[in-house]
Every structure is written in structure tokens, then in C-alpha cells.
Amino acid sequence: MPEKPVRVRYAPSPTGYPHVGNIRTALFNWLYARHNKGSFIVRIEDTDTARTVDGAVEVIMDSLKWLGMDWDEGPDKPGKYGPYRQSERLEYYQKAAEKLLAQGDAYYCYCSSGRLEEMRSAQIARKEPPGYDRKCRDLSAEERAFARASCPRPVIRFKAPLEGSTSFCDVIRGEVSFENRTIDDFILLKADGYPTYHLASVVDDNAMDISHVMRAEEWISSTPKHVLLYRALGFNAPQFAHLPMILGPDRSKLSKRHGAVSITQYRDDGYLPEAMVNFLALLGWSLDDKTDIINIQTLVENFTLERIGKTAAVFNREKLEWMNGIYIRSLEVSELAKLAMPFLEQELPASVSRPVDEEYVKKVIPLVQERAKTIKEIPSLVYFFFTPDIEYPAELLIGKKMDVKTTLNALEKTLDILKESEEFDHDSLEHRLRPLAEELGLKAGQLFGAVRVAVTGVTVSPPLFETMMVMGRQACLERLEKAVEKLNCPEK
RNA sequence: GCCCCCAUCGUCUAGAGGCCUAGGACAGCGGCCUUUCAAGCCGUCAACAGGGAUUCGAAUUCCCUUGGGGGCACCA
């Protein structure tokens, strides 16, 4: 039996920016397509005209591109199954609805949203499951004509079976079964002529020859509706794979109140796409019992549905950070410098002249590469390399078990030594300053601490000698002199 | 309320009846290295939700309970 080619789709609705859950779904679909040399299709589900957000489609596509997911068919890549925006496919849904109407599998419903709302709240008050009471299901011709007069734009509902059960085989969860009496007479076509998700996705997945529907677990309870639709329409249903949910730290469905959930936020926060992909892949999937760092090619080579888990996963930002650090450290210096540029331009103080010198950035970057967890934090780690002046309180110069006198003396001696020679590389600094500490009866850390503050303005910095080297002899001497001044005239 | 799904360290997970004294990773803690901070290395803490059943043997199979999550829109 020849295997059907794998055709999977990512079907976002442009009602906002894609969050990590959506993107993880996209990633699994993409990985599955690439692993099986199949097709990855992007279909825009813009059937909710009221909630559609301008520019959302662009952000969605950008997000996919950023993460390295390419698509074979999509709104900007017409294939033989297009168009790929549901708003441009209304006729298909219309036709399907009419077929169901003609077959007696669907009916017009004239109920006002007001009545529906009242009905629902009454049901909830009575602790009954909310659902349509099927008032319009079996209207006579006269009743229909009468209703039509007051409601010229009826919706079309599916006539769900009242008895029996509907089941399907989920690739991840196995057999899932629902009692038909729990299935509502859901709406197929809305009053505005647009389809609901249920109709549209079934019609399109069929028309586009989708082999596997991979989507989040939240869809599992609407799947029997889809199965019923496939059947009524005479379509073969695809394979279903319901992916485990990604939850917030409070174990509830991810939403805005969980902070950064939009994938673009992570890009803006200085995360690398490689780290993001790696991390997301591990939310609900694993390679084996020990591998955490997996590049995208390895992911493609090894991605199978069998290794997808069933349990919802909490989005663990600390692990993402750790992983991002790993990827930052694996970058070439010039690459990291390039990635850091926009963040430096953005975050460096106004006193730093623009444009920022990329060649200088390349010299600075190696000093923070193993210290940064995100690219965004780089400016705060290196700003003193760029600012014409540094600000810090004089007391900062005085370290543990030090006082004004000893600190002043240490800095003056340091200046003397540094002025003696033009040499300013790591080794020469080391060979001259370390003995100085001993000579002054100070621990290396005490001397270097004072010099560090004098040169950088902070107590935490990259290794001192490398820092001084990159900063240059002239700048260092000037800053040391300023520090001495500060200690001499405390009011300064 | 009804329906569905799920259940291993705080978190992500490995585990398809004996390999489990339950493995890895993040976080935490301790240490080494060290001029600060990191990085790196070493070590440590920490879980099979509970109860039955099947079996010579169960984290792994079945049932119940409990817990968590999701769904129940003219939203997707």
C-alpha cells in the first residue's frame, strides 16, 4: 500500500501575534513535514472578520522565517491548492453548507443571539451543560417562513446525531470517543456568510489533501464534530494528532497575563532562533534520555510522532535562558557582534556617538560572550567601553579591608607603573600589576578591584586585563587619574 | 454542571513488565578553578498522586479515587 504523501499545515488565525504555543505547533508540523519529505502549508484562517488584526499575518510569517521554518505553500506562495486565505475561499464553504442542507444534515437557524444568550445563562443557572436547544431543527415550512420574516440572515447549523457515539483514533492518544448527545448542533455558516472554524478547516483540509492534522490538545473536544462533518461531506478524514498543551507557570493555558508569550517578544528580548527552536522542540518531544542541545538538522532527522508526549508542559523560562547562553557561546564572534549591533544602538546611553563602531564591538564581544544569557543584556555588560565618561561614587573604589589611604596609594602606584611603559597587553599588565599587589601588601583582588572600578565604574566586569587592553592605554590612564582625583577631593 | 484528555524530582523529561537502588537537563545547594562576575568541572538535594487488581515480578497493564488541564460562542 503506497503511503500517502505527508501534507501538514499550520493554520493560524490573524487575531494577534503568535505565541509560543502556536509556534510550537507550527514547529512540530514543520519538523514532521521535513522529516518525511512532505509539504508544509501555511493557511490563514481569517474567518472572524471582527477579530482580525491588521499586520498579524506579516508577523506570523516573520516569526516562522525567524525560526527557520520555510513553507511550501502559503498565501504568498500559491500552489495548486490555493488560495491559502480562508476569506478567499468562501464559495467552498458555501457549497459544502448547501450540500449538507440538501442532504438534511444541516438546517437554518433563526434564533437571535439574544435568545441564545438567555438560553445559555438559564442552562448554566440550572447546572445543565450549555448548548443549543435545537429549536429550529425541525421547523415546518410555515414556521420557517414565519421565522425568516423576522430573521432574514439565518445561520446554518449542523444536525448532530442524537444517539450513538463518535470516535476517532488520535495518533498520540489512541482511541478517543464522545457520546453524540454531548455534541451540539454547532454553527457551520455564520450570518455574515463566513464559515466557522469547524466547517472551514474540514473543507480546506480535505481540499488541500492534508494528511495529518496536528494541533493543540484544546481542539480535541471539537474533533468529533469534524469527524461527523468529514463523514457527512463524504470526505476521508486525515490523521489527527493532538499535541500536549504548553502551560504558564501557574499551569493554566498560556495567555497575555503570563507576560512574554508572543514569540516576537523573545526575539526582541535577545533570544536566538536556534535556542528557541531547540527549547520548543523539547516541550512535548524528546530525542532520547540525555540529549538537550539539538540542532535543527538533527531535529528534522529524528522527529517522529511516536516520541511526542501526552502531558502538558509548563514553559520554563530559566531553562530557555540557559539554553540561549549555550547558543550564544557557540556563535562566531563576528556573528554575535553583528547580532548585538541593533541592541547596542538601541540601549547604549545617548552619550555614545552613533553609529556604534562594529569593529570595536568585535573586540569587546569576546569578553562577554560567555557571560550573556541574552543578546539584549549585552549593552548593560559593556557600556563602559563606549561611554566617554563613567559615573560612580568614590566609595565604590574602596574595597573590602581597604580605606581611602590604601586605595589612593594603590591607584597612584598603578598609574606610575602603567606610565612607565607603552606596553599594554594582557601579559605585561599581569606581570607588572600582580607584583605590585604583593609589594603593597595587598591581595591581588584588593588591588584589581580598585583598578576595576576606576576603569569601568563597576565592581563586576569582564576580566580586568582583557578589559583594559580593549579599552586602551590612554583611556585607562585617564580613568585612573580621575579616580585618584575623586579620592583626593571627595566632593567631586 | 456536563464532556474529554492527562498524571515520574519545583520545572522539562527518559522509562513500552524484570536492565530502576528510577536516568538526564534546568533551577537550588556545596565545592574546585579564580582579580570580580560568568563559563567550566565535580558533588548534592529531589519524583513514580493514592488505593485495589493482574503477575513469580508493575513507574510500566486494568479498575476506582484524587488531582491537574482543556472544551462546552454567529472565537479560533
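Residues numbered from 1 in each chain as written. Chains lettered and ligands numbered in written order. Predicted model: local features only at pLDDT ≥ 70, side-chain atom pairs only at ≥ 80, totals over all residues. Heavy atoms only, no water.

Draft legend 1. Examining the side chain of Asp-205 more closely. Tracing the sequence through the fold places Asp-205 in helix α6 (residues 197-207). Here the side chain of Asp-205 touches Arg-9 through a polar contact of 2.8 Å, side chain to side chain. Polar side-chain contacts of Asp-205 include one of 2.8 Å to the side chain of Arg-43. Aside from chain neighbours lying at most four places away, what touches Asp-205 is Arg-9, Arg-43, Ile-210, Val-213 and Tyr-230. (Helix = DSSP H or I, 4+ residues; strand = E, 2+ residues; numbered from the N terminus. Polar contact = N/O pair within 3.5 Å; in protein donor to acceptor, adjacent residues only side chain to side chain. Contact = heavy atoms within 4.5 Å.)

Draft legend 2. Quick look at helix α16 (residues 426-440). Compared with an ideal rise of 1.5 Å per residue, which puts 15 residues at 21 Å, α16 spans 21 Å between its outermost C-alpha atoms and is within 8% of the ideal. For α16, the complete set of buried residues consists of Ser-428, Leu-429, Glu-430, Arg-432, Leu-433, Leu-436 and Ala-437. Lining the buried residues of α16 we find α15 (404-420), α17 (444-456) and α18 (464-471). Backbone geometry just after α16 places Gly-441 at a positive phi near 75 degrees. (Expected span 1.5 Å × (residues − 1). Buried < 20%, exposed > 50% of the residue type's maximum accessible area, 1.4 Å probe, protein only.)

Draft legend 3. Layout of unusual backbone geometry. With an omega of -5 degrees, the peptide bond between Gly-82 and Pro-83 qualifies as cis. Tracing the backbone shows Pro-83 in the loop between α2 (56-66) and α3 (90-103). Cis geometry marks the peptide bond from Arg-354 to Pro-355; its omega dihedral reads -5 degrees. Among the structural elements, Pro-355 can be located in the loop between α12 (333-347) and α13 (358-364). Residues other than glycine seldom take positive phi values, yet Lys-401 does so here, at roughly 55 degrees. Within the fold, Lys-401 resides in the loop between α14 (378-386) and α15.

Draft legend 4. Main features of the domain arrangement of chain A. Assigned domains of chain A: these are domain 1 (89-243), domain 2 (333-386) and domain 3 (394-488). A separation of 24 Å is found between the C-alpha centroids of domain 2 and domain 3. With 10 residues of domain 2 in contact, the opposing surface of domain 3 contributes 10 residues. Both faces combined, the contact of domain 2 with domain 3 buries some 800 Å², and carbon together with sulfur accounts for 73% of it. Together, Leu-367, Phe-384 and Phe-385 form the three largest contributors to the area buried by domain 2 at its contact with domain 3, with a combined 63%. (Domains from an automatic or database assignment. Buried area = accessible area lost by both parts, 1.4 Å probe.)

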